[in-house]
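Topology and contacts: notes
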Amino acid sequence: MSEFPHTEPPYSQSMLTRALTAVGLPTTRAYELALRVERDLATQGESALELEHLEELTRSVLGEDEGAAAVRKLRLYREFQRLDLPIVVMIGGGTGSGKSSVATEVAHRLGITRVTSTDVIRHTMRAFFSEGFMPTIHYSSFEAGRAHWREEDDNPVLSGFLDQTRNVLVGMGAVIERALSERWSIVLEGVHLVPGLLPPIDGALAVHCVLQIENRDAHAAHFWIRDATADGLRPVRRYLEALDDIRLIQGAIVQRAHRHEVPVIENTNIELTITTVMDLVLSSVKARQGVTAQG
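First things first, this report covers the structure right here in the doc. Since the structure is predicted, the reported quantities are computational estimates derived from the model, not experimental observations.

The next thing to look at is the overall build of the protein. Scanning the protein from N- to C-terminus turns up eleven helices and seven strands. When contacts within the protein are restricted to residue pairs at least 6 apart in sequence, those whose partners lie at least 24 apart make up 73%. As presented, the protein carries roughly 15000 Å² of accessible surface, and 50% of it is formed by carbon and sulfur atoms.

Here we come to helix α10 (residues 243–259). Taking 1.5 Å as the rise per residue, α10 with 17 residues should run 24 Å; its terminal C-alpha atoms sit 24 Å apart, in good agreement. Looking at α10, one finds that the buried residues are Leu243, Ile246, Arg247, Ile249, Gln250, Ile253, Val254, Arg256 and Ala257. One or two residues past the end of α10 sits Glu261, with phi positive at roughly 60°.

Another point: the packing of aromatic side chains. Overall, the coordinates contain four aromatic pairs when judged by the stated rule. With a centroid separation of 5.7 Å and an interplanar angle of 20°, the aromatic rings of Phe129 and Phe133 are classed as stacked. Owing to a relative accessible area of 30%, Phe129 belongs among the partly exposed residues under this scheme. Grouped by ring-pair contacts, the aromatic residues Phe142, Phe223 and Tyr239 constitute a single cluster. Geometry around Trp184 places Arg114 over its ring, the cationic atom sitting 4.0 Å from the centre. Positioned above the aromatic ring of Tyr239, the side-chain terminus of Arg238 is 5.5 Å from the ring centre.

The two faces of strand β5 (residues 186–189) match: Ile186 and Leu188 on one face and Val187 and Glu189 on the other face are all buried. Alignment of strand β4 (residues 115–117) against β5, held across three bridges, turns out to be parallel. In the sheet register, Thr116 faces β5, and the bridge partner there is Leu188.

Our focus in this paragraph is the pattern of salt bridges. Summed over the entire model, instances satisfying the criterion amount to twelve salt bridges. Across the pair Glu105 and Arg109 runs a salt bridge, and its minimum N-O distance is 2.9 Å. One end of the pair, Glu105, and the other, Arg109, are both in helix α5 (residues 99–110), four residues apart, so they sit about a helical turn from each other. Judged by relative accessible area, Glu105 falls into the partly exposed class, the value being 25%. Glu271 is the partner of Arg109 in a salt bridge, and the nearest nitrogen-oxygen pair spans 3.2 Å. With Arg109 in helix α5 and Glu271 in helix α11 (residues 270–294), this pair connects stretches of sequence that are 162 residues apart. One salt-bridge network, in which partners are shared between bridges, spans Glu105, Arg109 and Glu271.

This part takes up the packing of helix α7 (residues 156–182) against α10. In contact at an axis separation of 10 Å, α7 and α10 are set at 65° when each is read in the N-to-C sense. α7 and α10 meet at a crossing whose hand is right-handed. Residues Val157, Leu158, Phe161 and Leu162 of α7 form the contact with α10, whose own contacting residues are Asp245, Leu248, Ile249, Ala252, Ile253 and Arg256.

On to the side chain of Ser284, then. When you line up the elements, Ser284 lands in helix α11. Here Ser284 is in contact with Leu205 and Val207, once residues within four sequence places are set aside.

One non-glycine residue, Arg183, lies in the positive phi region at around 60°. As for its placement among the helices and strands, Arg183 is situated in the loop between α7 and β5.

What counts, and at which threshold
- Residues numbered from 1 in each chain as written.
- Predicted model: local features only at pLDDT ≥ 70, side-chain atom pairs only at ≥ 80, totals over all residues.
- Heavy atoms only, no water.
- Helix = DSSP H or I, 4+ residues; strand = E, 2+ residues; numbered from the N terminus.
- Contact = heavy atoms within 4.5 Å.
- Areas by Shrake-Rupley, 256 points an atom, 1.4 Å probe, with all protein chains shown as cover.
- Expected span 1.5 Å × (residues − 1).
- Buried < 20%, exposed > 50% of the residue type's maximum accessible area, 1.4 Å probe, protein only.
- Phe/Tyr/Trp six-rings, centres within 6.5 Å; stacked < 30°, edge-to-face > 60°.
- Lys NZ or Arg CZ within 6 Å of the ring centre and 35° of its normal.
- Pairing = 2+ DSSP bridges.
- Salt bridge = Lys/Arg side-chain N within 4 Å of Asp/Glu carboxyl O.
- Axes fitted to C-alpha atoms, helices over the stretch in contact; angles between N-to-C directions.
- Left-handed = near helix turned anticlockwise from the far one by under 90°.

So, in structure tokens, the structure goes:
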């Protein structure tokens, strides 16, 4: 494909701005470049943009190194849009690591309209399975040990969480199966997306990562933010009192991620985290291209 989408305002400028934002440019710089493209095309009396011309303008506006990197990502983003298979992006991590905020923005940048939380799946399953039959799904992830305490358990917090995870992943598997059968792309987020416990996903471009907040104080601060943005629906004191257990589970998830070679992203800067997840998606497109070429 030698041409980018038409750049006549307002629709094309918006498309180019969105594509540039998707590959990691700050919104203001993306808009600046899209505006420069629009003006340049108007001057030349053109209605379509050659990718080579875009590369020249990108280097001019962003500088040599940043411009070259942006164009490389734009080429991959274009290939991502051409993929003839669903995308499944899975963002795991401990409670309070910022998964839902990152997942929502990544879905927006990728143009994916379906975002599902494993905790929503857990709540749905609670309506069908009694506490007597499936006790751990009736508790939060860091409290599931209360329903799974056994004398032989070395760590009831972890054993309860893992039991809950195995149950929730059955429901999540059904969600993924439905998405693949309908050829939907989906972004999944949740504490239950534990590396090594997920079933293989065939027939889709699957991208999995784990978020963490290594610093204890920074992690605690995230719960104040959650409480403020949820209008008090998530009482911060409950999370802070359980912070040791929450961080114990986070450590176990991160350890499994390293063991199973799932990328771990330190989420202290949400914009950088979103860009990193986007880079993982685009890198997966590039890797798939290599596999297809070899095949």
